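An overview of the molecular structure
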Amino acid sequence: MAVSADTSRIPGRRISLRLRKGLLPWLAPLVLAGLWQAASSFGLLSTRVLPAPSAVVAAFVAAVEDGSLLNHTAISAWRALEGLVIGGGIGFLFGVLNAAWRPAEQLFDTSIQMLRNVPHLAIIPLVILWFGIGEGAKIFLVAIGALFPIYLNTYHGIRTVDPALIEMGRVYGLSRRELFWRVVLPGALPSILVGFRFSLGIVWLTLIVAETISASSGIGYMTMNAREFLQTDVVLLGIIIYALLGKAADSATKAIERRVLAWHPSFQEAREVAA
Amino acid sequence: MTVLDLQARRVNERPRPAELPAGEAGLAIRVGDVTKGYGARTVLKSLSLEVEARRIVAIVGRSGGGKSTLLRLLAGLESPDSGTLAIGGEPAARQQSHVRLMFQDARLLPWQRVLGNVGIARTPGWERAAREAIEHVGLSGHAADWPRTLSGGQKQRVALARALVSRPGVLLLDEPFGALDALTKRDMHQLLTRIWGERGFTTVLITHDVAEAIALADRVLVLREGRFVVDVDVPLERPRRIEDARVGALAAQILREV
């Protein structure tokens, strides 16, 4: 009690506390980068193995200046989005269909479960035979990767909506369509978003593999191309860009969750703590 | 008043119980020879019941005695194996829009605020009607709250507002006050009696609490093993109090019969 009263009376201390809290997660990476830079500068690390952070920064500046970084990043992000929308959309539709309509479940569920158990990267040779190394190959792989987590979680989410709420909706005269949009879908949404986050992770993984194996553009191509010219700084830059893109996508999903699941107790608590 | 004939009798032979409410929304209910079973178990055995429009009827009995089944039949959630159910002279299945059911638990949509829960049907002009209903149950100022921030009593108030926003002719209550503490329960009784007095919807209350049944209803029936074994009028004037000695005496009498 007394301690919190003290800090609230001194605005300077509160701000510094907040600042410390905001900086803390970055402390470890910054220290690591400092040590790394020092090791490179003193010649302890060969640039063939690991270039200095300053070299990566220089590569970043150069790649921004000639426009190649933005170009490759935009292409990768676009592929991720396309694959996610196509695969996620199909997964969502089958999840809804199979959860809501038993004949559909009997018809499709076994097949989907069988396909789900094939590691989707194992079909890369086949995909290359089908699509060559064009856009289709990468988007197809990403879509396949994104499909199953969203399918499973949509199906599970809809199946576990509180039947008491559905019964209430029926008593209060909701039509089947209204029941779906107002009761079933919102009830399944937390689970669907969990599937979405799983899918996002798989999307990046798939894209990295697909772009390094067969591509003529994108971050994966950029790094593989740099490897041939022994540009370790550019390789490292590519890896960092992937990490940042993944982190950005994850943060965006979290923001969406916080918004559409504002009613959900767990998100409410998180927000109160943040505030 | 002290001599109560506790034998089951026909509606038109009974002396008038407490006065009818002012509102005229109520629809008469007629259950004719209804039988309903699940598998080998028969829950309701050729049950008949007539409820005058604008009355409050309470049905008490042990759990598993068929009370909830009767209510689900009236709400149109299930259909009988045989027999007829009529509300306002029409088959109950076609009168669903005039019948509202309140459950033991409030069953509010957690992703809708109070306003959205009350106006769940989203009929034209729903928002104004919902705000009125929320005010009516004494929750003005809570329209924008999430259900999880409400107390048990407040949740049931929201559920009551949701049930009444469409101005139904019949209100079915499936032990909605069972989980509330004594004081909150009494507040809910008063609230229900007040709104019923204004609107006059026909009410069927299911409860295992005989005193609650007497405090609220014009007529109390006891359902045992699928049949009504007691059917008694409650000749006490309103407002009643659950702690009133006459309520207790009548409850004791009914319990003796059971």
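That block above? That's the structure.
Described below are features of the structure shown in this document.

What counts, and where the lines are drawn
Residues numbered from 1 in each chain as written. Chains lettered and ligands numbered in written order. Predicted model: local features only at pLDDT ≥ 70, side-chain atom pairs only at ≥ 80, totals over all residues. Heavy atoms only, no water. Helix = DSSP H or I, 4+ residues; strand = E, 2+ residues; numbered from the N terminus. Rg over C-alpha atoms; globule rule 2.2 N^0.38 Å. Contact = heavy atoms within 4.5 Å. Areas by Shrake-Rupley, 256 points an atom, 1.4 Å probe, with all protein chains shown as cover. Lys, Arg positive; Asp, Glu negative; His and termini not counted. Charge placed at Lys NZ, Arg CZ, Asp CG, Glu CD. Axes fitted to C-alpha atoms, helices over the stretch in contact; angles between N-to-C directions. Left-handed = near helix turned anticlockwise from the far one by under 90°. Nonpolar A, V, L, I, M, F, W, Y, C, P; charged D, E, K, R; others polar. Expected span 1.5 Å × (residues − 1). Buried < 20%, exposed > 50% of the residue type's maximum accessible area, 1.4 Å probe, protein only. Arc of directions from axis to C-beta. Polar contact = N/O pair within 3.5 Å; in protein donor to acceptor, adjacent residues only side chain to side chain. Pairing = 2+ DSSP bridges. Phe/Tyr/Trp six-rings, centres within 6.5 Å; stacked < 30°, edge-to-face > 60°. Lys NZ or Arg CZ within 6 Å of the ring centre and 35° of its normal. 1 Å grid on protein atoms, 1.4 Å probe; cavity = no way out; pocket = protein on both sides within 12 Å on 5 of 7 lines; lining within 4 Å. Points joined across faces, edges and corners; volume = space filled by probe spheres on them. Salt bridge = Lys/Arg side-chain N within 4 Å of Asp/Glu carboxyl O.

A count of helical and extended segments in chain B gives 7 helices and 10 strands. Relative to a compact globule of 258 residues, whose C-alpha radius of gyration would be 18 Å, chain B shows 18 Å and is just as compact. With respect to the principal axes defined by its C-alpha atoms, chain B has extents near 50 × 40 × 35 Å. Long-range pairs, those at least 24 residues apart, make up 72% of the contacts in chain B between residues at least 6 apart in sequence. Summed over all atoms, the accessible surface of chain B reaches about 11,500 Å², with 49% contributed by carbon and sulfur. The averaged location of the 30 negative side-chain charges in chain B is 3 Å from the averaged location of its 37 positive side-chain charges.

A separate point is the packing of helix H4 (residues 68-100) of chain A against helix H7 (residues 135-159) of chain A. Residue and element names in this part refer to chain A. Between H4 and H7, whose axes approach to 6 Å, the crossing angle comes to 35°. Considering the relative orientation of H4 and H7, their crossing is right-handed. Classifying every residue of the contact of H4 with H7 by side-chain character gives 17 nonpolar, 7 polar and 5 charged.

The next point concerns helix H7 (residues 245-257) of chain B. Residue and element names in this part refer to chain B. Helix length check: H7, at 13 residues, gives a terminal C-alpha distance of 19 Å against a target of 18 Å (1.5 Å per residue), a fit within 8%. Along H7, the positions that sit buried rather than exposed are Val247, Leu250, Ala251, Gln253 and Ile254. Across the axial projection of H7, the buried residues extend over an arc of 160°, all falling on one side. In H7, the exposed positions angled more than 90 degrees off the buried face are occupied by Ala245, Leu255 and Arg256. Looking at the buried positions of H7, the neighbouring elements they touch are helix H6 (210-216), strand E9 (219-224) and strand E10 (227-233). N-cap assignment for H7: the residue whose side-chain oxygen lies 2.8 Å from the backbone N of Arg246 is Asp244.

Okay, the pairing of strand E1 (residues 29-38) of chain B next. Residues and elements named next belong to chain B. As paired elements, E1 and strand E2 (residues 41-51) share 7 bridges and run antiparallel to each other. Among the inter-strand pairings, Arg30 is bridged to a residue of E2, identified as Glu50. Counting the residues between successive antiparallel strands, the hairpin from E1 to E2 contains 2 residues, one of them, Gly39, with a positive phi of roughly 60°. Pairing geometry for E1 and strand E4 (residues 82-87), over 5 bridges, is antiparallel. In the strand pairing of E4, Gly32 is matched with Thr84.

With that settled, consider the packing of aromatic side chains. On inspection of all chains with the given rule, the structure shows 7 aromatic pairs over all chains. Taken together, the aromatic side chains of Trp130(A), Phe131(A) and Phe140(A) make up a single cluster linked through ring pairs. Seen from the ring of Phe103(B), Arg107(B) lies directly overhead, with NZ or CZ sitting 3.8 Å from the centre.

Take the layout of surface pockets next. All names here are of chain A. By volume, the largest pocket amounts to about 640 Å³. Lining the largest pocket are 16 residues, and of these Pro29, Ala33, Trp36, Ile240 and Leu244 lie nearest its centre. The set of elements that each furnish at least two residues to the lining of the largest pocket consists of helix H2 (11-41), helix H3 (53-65) and helix H11 (232-260). Looking at the lining of the largest pocket, its residues break down into 15 nonpolar, no polar and 1 charged.

All right, on to the sheet that holds strand E7 (residues 170-174) of chain B then. Residue and element names in this part refer to chain B. Reading across from one edge, E6-E7-E8-E3-E9-E10 is the order of the 6 strands in this open sheet, with mixed pairing throughout. Each end of this open sheet is capped by a strand with a single partner; those strands are strand E6 (99-102) and E10. Sheet twist, expressed as the mean angle between neighbouring strand axes with direction ignored, is 15°. Relative to strand E8 (residues 202-207), strand E3 (residues 56-60) is paired through 5 bridges, and the arrangement is parallel. Across the sheet, Ala58 pairs through a bridge with Leu205, a residue of E8. Across the face of the sheet, helix H4 (residues 152-164) comes into contact with E6 and E7 while running at roughly 170° to E6.

On to the pattern of salt bridges. The tally for this structure, following the rule as stated, stands at 26 salt bridges over all chains. For Arg72(B), the salt bridge goes to Glu78(B), with nearest N and O atoms at 2.6 Å. Judged by relative accessible area, Arg72(B) falls into the partly exposed class, the value being 23%. Arg246(B) serves as the salt-bridge partner of Glu237(B), at 3.5 Å between the closest nitrogen and oxygen. Accessibility expressed as a relative area gives 43% for Glu237(B), which makes it partly exposed. Arg246(B) sits in the partly exposed class, given a relative accessible area of 41%. Sharing partners across several salt bridges, the network here consists of Glu167(A), Lys36(B), Arg72(B), Glu78(B), Asp105(B) and Arg107(B).

Note that all results are geometric; they support no functional claim without further evidence.
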